[in-house]
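Structural overview for review
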Amino acid sequence: QLARIQTDSVVKTLRELYPDLRFEIVAMSTTGDKILDTALSKIGEKSLFTKELENALERNEVDLVVHSLKDLPTSLPPGFTIGAVCKRENPLDAVVFHPKNRGKTLSLLPEKSVIGTSSLRRAAQLKKKFPQLEFRDIRGNLNTRLKKLDEKEDFSAIILAAAGLKRMGWENRIGQLLSPEDCLYAVGQGALAVEVRAKDQEILNMVSALHDADTVLRCIAERAFMKRLEGGCSVPVAVNTMLKDGQLYLTGAVYSLDGSDSLKETMQAGVHYPQQNEDGPNDDMQHVGITAKNVSSQAQEAAENLGVELASLLLSKGAKHILSVARQLNDA
């Protein structure tokens, strides 16, 4: 349902922009939708929610695919690109409480209360912040997870992305928004990506009207950070970005699985460059899988470099060790 709402919102905008074109929506399910009894971080398949969709794209059965950007790996298969990154919804994580805990916050829950999350990133940060609570895996789409929360007594609360709840119209279920001080968010969280064939100039030009420049620059920095760390959903990597007065601020962190060991740093870079008309081979225009022709390529480069430099700084301080231990423990 959420995937469908997200796709509908993108198509609605495209219909307004191109009233002469006809858009047909094709629904599909992916490996990630089907394997519901295993933690995401344990399945180990990079393109869990994207592979089937990319196959259809490759076979020309569809022309564009709408994803949550956080589901897309930092390296896309050859021949594909993210042709649009839409304006970001609130990227923060949200706590949804069991009806009996309504009005509480995490710090007010009784000791040993069980919190559901399938994200290593959320669990690592929150275990450190709330050592009195217990964290347990919960899988399934939003409807399933909320049902599990409400109808059983297994969980006192679950952690979800605020963006998904908002898009589903369930904002009233948000009991607590977790600030970046409590919990840094996932790379690309809250943003929608439109994936297309990299050589399909016509479709690329069409969807590029959907780009939101601020979101593009923030997400390029975040994805570059993740890519340099070689992070994925099997390790706890988290970010926070902000664009203010032409400066892009990126905070990035890595955690051990229990959150006891962590590294966190912030860097900034100027990204205020005028847009120039740049013609040239299309393949060179990608920045961590994103093609944004209508955003200054100098600004995109600065954002990408910022992500790489911040990751390099953390690596020089021992991030590789933290992440490889986390990866080994998770695999075990």
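The model shown is predicted, which means the values in this text are computed figures rather than measured ones.

The rules we used
- Every chain begins its residue count from 1, and numbering advances along the sequence as written.
- Residues qualify for local features only when their pLDDT is at least 70, as the model is predicted, and side-chain atom pairs are given and counted only at 80 or more; totals for whole chains, interfaces and linings, by contrast, use all residues.
- Values reported for side chains reflect all heavy atoms of the structure, with hydrogen atoms and water molecules removed beforehand.
- Secondary structure elements follow DSSP: runs of H or I of four or more residues count as helices, runs of E of two or more count as strands, with numbering from the N terminus.
- We compute the radius of gyration over the C-alpha atoms and compare it with the globule rule, which gives 2.2 Å times the number of residues raised to the power 0.38.
- To sort residues, take the accessible area from a 1.4 Å probe on protein chains only and compare it with the maximum for the residue type: under 20% means buried, over 50% means exposed, and anything in between is partly exposed.
- Any two residues whose heavy atoms approach within 4.5 Å at even a single point are treated as in contact.
- The Shrake-Rupley method, run with a 1.4 Å probe sphere, supplies the accessible areas, and residue values consider only the shown protein chains as cover.
- Counted as positive: Lys and Arg. Counted as negative: Asp and Glu. His and the chain ends are not counted at all.
- Taken as the charge location is NZ of Lys, CZ of Arg, CG of Asp or CD of Glu.
- A helix is expected to reach a length of 1.5 Å times the quantity of its residues less one.
- When DSSP finds two or more bridges between a pair of strands, those strands are recorded as paired.

**Focus on the overall build of the chain**
Check the secondary structure of the chain and you find 11 helices and 13 strands. Rg of the C-alpha trace for the chain: 20 Å, near the compact-globule value of 20 Å for 332 residues, within the 12% margin. Along the first, second and third principal axes, the C-alpha set of the chain runs to 60 × 45 × 40 Å. Residues counted as buried form 53% of the 332 residues belonging to the chain. Taking all contacts inside the chain whose residues are at least 6 apart in sequence as the whole, residues at least 24 apart take part in 71%. Of the accessible surface of the chain, which amounts to about 15,500 Å², a share of 48% is contributed by carbon and sulfur atoms. With 42 positive and 44 negative side-chain charges, the chain shows a spacing of 6 Å between the two charge centroids.

**Quick look at helix 9 (residues 213–229)**
In this model, helix 9 (17 residues) spans 25 Å end to end at C-alpha, consistent with the 24 Å of a helix rising 1.5 Å per residue. Among the 17 residues in helix 9, 13 count as buried, and that is most of the element. Following helix 9 by one or two positions, glutamate 230 adopts a phi angle in the positive range, close to 60 degrees.

**Section: the pairing of strand 2 (residues 80–85)**
Burial of strand 2 is extensive: six of the six residues sit out of reach of the surface. Alignment of strand 2 against strand 8 (residues 192–197), held across five bridges, turns out to be antiparallel. Of the residues in strand 8, the one forming a bridge with threonine 81 is valine 196.

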